[in-house]
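Residue-level structure breakdown
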Amino acid sequence: MGKTWSIALAIGVLGTGVLAGVPAGASPGGVRWGPCPADSAAPGLECSTIKVPLDHKDPGGRQIDVAISRLASKNPEKRRGVLLTNPGGPSPGLKFPAELAAAKLPQSVLDSYDLIGFDPRGLGHSTPVTCDLTPEQQAVGNVPPYARNAADVAKRAEQSKAIAQQCVASKTSWMLPHISTADTARDMDRIRAALGEEKISFAGYSWGTHLGAVYTTLFPQRGDRIILDSNVHPGGWDYANDRLYAQGFDDRFPDFAKFAAAQDGTYHLGSTPEQITAKYFELAGRLDKKPAQDVDGAAFRMLTYGFLFSDAGMPLVAKIWQAIDTGQPLPPLGGGNVSNVDNLISGRYHVICADSRWPRSVGTYQATVALDRLRHPMFGAAGANVQPCAFWPSPTEPPVRIGDRGPSNVLMLQNQRDPATPLVGAERLRQAFGDRARMVTVDAGGHGVYPYLGNHCADTAATTFLTTGQRPERDLACAAEPR
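Rules used throughout
Residues numbered from 1 in each chain as written. Predicted model: local features only at pLDDT ≥ 70, side-chain atom pairs only at ≥ 80, totals over all residues. Heavy atoms only, no water. Phe/Tyr/Trp six-rings, centres within 6.5 Å; stacked < 30°, edge-to-face > 60°. Helix = DSSP H or I, 4+ residues; strand = E, 2+ residues; numbered from the N terminus. Buried < 20%, exposed > 50% of the residue type's maximum accessible area, 1.4 Å probe, protein only. Lys NZ or Arg CZ within 6 Å of the ring centre and 35° of its normal. Pairing = 2+ DSSP bridges. Axes fitted to C-alpha atoms, helices over the stretch in contact; angles between N-to-C directions. Contact = heavy atoms within 4.5 Å. Polar contact = N/O pair within 3.5 Å; in protein donor to acceptor, adjacent residues only side chain to side chain. Disulfide = S-S within 2.5 Å. Core = buried A, V, L, I, M, F, W, Y, C linked by side-chain atoms within 4.5 Å. Expected span 1.5 Å × (residues − 1).

**Considering the packing of aromatic side chains**
For the coordinates displayed, the defined rule picks out 22 aromatic pairs. Taken together, a centroid distance of 6.1 Å and an interplanar angle of 10 degrees make the contact between F249 and Y305 stacked. Of this pair, F249 sits in helix α8 (residues 239-262) while Y305 sits in helix α11 (residues 297-306), placing them 56 residues apart in sequence. Here F249 matches Y305 in class, with each residue buried. Consider the rings of F249 and F379, whose centres lie 5.2 Å apart with planes at 15 degrees: the pair is stacked. Here the residue F249 occupies a position in helix α8, and F379 occupies one in the loop between α14 (362-375) and α15 (380-383), the gap between them amounting to 130 residues. Cation over ring: R62 sits above W174, and NZ or CZ is 3.6 Å from the ring centre.

In C-alpha cells form, the structure reads like this:
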C-alpha cells in the first residue's frame, strides 16, 4: 500500500505571508489584501477572499468564498491592468502568479500586469468540496487505470460508482450542482468587478484553457488579451477528452524512445527506438501477468505517461524501466507532499462531471476500451476507461459551446507532442474559435509552453501579445530549439 500510494501521488495529481516590506492594501475595487495562507505564501504575493453566489442564477442567494491572490506590478507607469491566471488541474491557483514569476515570466509582463491567482470554487482555500475519498480512491487521479479486459472495466465501474455516491452523499453535496467550469468563469467576472477592472487579461494552462475559452465565450467584451497554453479540445474535459490521452501518448512516446536509445550505454533498454518500443510492451505484458515491487501493468503505463510531461522526466522514466527490468528497487518518485489530496481529486470530479454528460452504460466503456486498445495499444485502454462521471447526477446546464463570435483577442500556444492535451484537440479548438484566435505551434514535446519551454519563437509571440496586443498575422509554426 505504501509504495502504491507514493506512485499514485507521483502520477495521479499531475497536472500549486506577504513578504516583509510589501504593505497590505486595497485594490481600486475595494479588495483588501493581506498575508497568504502558509501553503500558498511566496515573496511579494498578497491574498484576499471575495464572496460569490453559489448559484449565479440567484445572485442574492447563498454565497461562497473564492480565495484570490495578487503579485502586483512594481512599475506603475507601465502597468496596464490585471492578468488573471489559472494553472489547470482543476487545481488551486493561489500561488500560481509567484510560480510563473519563478519560471522566468518576462519582466516586461510582470511590469505590465498585476498577476492574479485564485482557487477555483470547491478547491483549496475557496469554499471546498469533499467526496470523503479513501487513500485507495485518491490513488486514481486524472486518468483511469489501464484496463486489460472487460472485467477490469467492470471493476473500475464499481469503484467509480462508489465514488460518485460518496460525492452525492457528502457534507458538501449542496455545492455539487454548481461546481462547473461555467460557474468558475462567472466567478472570474466577479473577480474582475471586485478588482475594479473593466476588462481582464487571462493566461490559462491545460484545463485552464477551457476555463479561458468559456470565459471569453460568456463574457466576450470583458476579456482583454487571452493566452491559452496547452489546449483542451472545445468540448472541455469530457469523455472524448479522456480518450485523447491515447493519442497524446502516441505523439509523445517517440521522443522518449529516441532518448533512451541514445542512452543505451546507461540504461540498457535498447539501442534503437524500435527496441525501446518493444521493451515497453514487454515490460507492460510482464507486469500484467505478475506485478513487481507493487507495480502492475497499469501503474507501469501510467508512470511512463505521467513523467513524460516534460523532457526533465525522461531520465526518471528510463530509471524506472531499468529497475523493473533488472529487479532493482525503484528510484524515488517524488510527489508525496501534495496537500489535501481528497479535496484536489474530489474537486476535479465535481468540475468535469458537472460540465457534460458522460456515457452511462458500462458496456459502452467496455466497447470503447476494446476499440482504443486496438487503435492505440500503448495507452488507449486507460483513457477510455470509466470515470465517476458515468454515475453522476445530470448537469444543471448544457455545455458552453465555444465559437467564433467575439473580438479577435485569443492567442493559443501548443506543443506538437503534448501527452496531456494533444495537438489534435488544440487544432479543434482553433477551428472552433475561427478568426478570434491565432495559434503558435512549437516543434517540441511535453505539456506547457510559455515560459516553461524556453522556445524563443513562442516566448516572443506570447510576450509581444501580452505587452503590445499584437499577435502573429496568421498561425505560426515555431521550429525546435535546443533546451
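**Points about the sheet that holds strand β3 (residues 81-86)**
Across a sheet, strands are paired by hydrogen bonds formed along the backbone, either parallel or antiparallel in direction. Pairing in this open sheet of nine strands is mixed, and the strands run β1-β2-β4-β3-β5-β6-β7-β8-β9 from one edge to the other. The open sheet has two free edges, formed respectively by β1 (45-53) and β9 (476-478), since each of these has just one partner strand. Each strand of the sheet is rotated relative to its neighbour by a mean of 20 degrees, with strand direction disregarded. Bridge count between β1 and strand β2 (residues 63-71): nine bridges; the pairing is antiparallel. Along β2, the bridge assignment pairs K51 with D65. Together, β3, β4 (113-118), β6 (223-229), β7 (410-417), β8 (437-445) and β9 form the strand contacts of helix α17 (residues 456-468), whose direction differs from that of β6 by roughly 165 degrees.

**Looking at unusual backbone geometry**
Peptide bonds are trans in most cases, and residues, glycine excluded, mostly fall at negative phi. Note the cis peptide between G89 and P90, where omega equals -5 degrees. Along the polypeptide, P90 turns up in the loop between β3 and α2 (96-102). Here Y450 and P451 are connected by a cis peptide whose omega angle stands at 0 degrees. Along the chain, P451 falls in the loop between β8 and α17. We note that Q293 has phi near 55 degrees; this positive angle belongs to a residue other than glycine. Positionally, Q293 belongs in the loop between α10 (273-289) and α11. Overall, the relative accessible area of 23% leaves Q293 in the partly exposed class.

**Things to note about the side chain of S73**
Along the chain, S73 turns up in the loop between β2 and β3. A polar atom in the side chain of S73 sits 3.1 Å from the backbone nitrogen of N75. At a separation of 2.6 Å, a polar atom in the side chain of S73 contacts the main-chain carbonyl oxygen of D111. Dropping the residues within four chain positions of it, S73 is found in contact with R79, L110, D111, Y113 and D114.

**Side note on the state of the cysteines**
Taken as a whole, this structure holds four disulfides when the rule is applied. Here C36 is linked by a disulfide to C47, with a sulfur-sulfur distance of 2.0 Å. Taking the torsion about the sulfur-sulfur bond, which here is approximately 90 degrees, the covalent link between C36 and C47 counts as right-handed. Within this pair, whereas C36 is found in the loop between α1 (2-12) and β1, its partner C47 is found in strand β1, the two being separated by eleven residues in sequence. Just as C36 is buried, C47 falls in that class too. Note on cysteine connectivity: C353 is disulfide-linked to C389, with sulfurs 2.1 Å apart. Here the disulfide of C353 and C389 is left-handed, its torsion about the S-S bond being about -80 degrees. Here C389 lies in the loop between α15 and β7 and C353 lies in helix α13 (residues 341-355), a separation of 36 residues in the sequence. Each of the two residues, C353 as well as C389, counts as buried. In the protein, numbering the disulfide-bonded cysteines from first to last in sequence yields the connectivity 1-2, 3-4, 5-6, 7-8.

**Some details on the nonpolar core**
Ranked by internal contacts, the top residues of the largest apolar core, which has 65 residues, are F253, F256, I276, F300, Y305 and W321. Elements supplying a minimum of two residues to this core: α5 (150-169), α8, α10, α11, α12 (314-326), α13, α14 and α15. Setting aside chain neighbours within four positions, we find I276 in contact with F253, F256, A257, A260, A261, L269, G270 and W321. Counting 42 residues, the second largest nonpolar core, distinct from the first, contains W33, V52, L228 and A437.

**Focus on α14**
Across its 14 residues, α14 extends 20 Å between first and last C-alpha, which sits within 8% of the 20 Å expected from 1.5 Å per residue. On its buried side, α14 packs onto α5, α8 and α15. The distance from a side-chain oxygen at the start of α14 to the backbone nitrogen of G363 is 3.1 Å, and the residue carrying that oxygen is S361.

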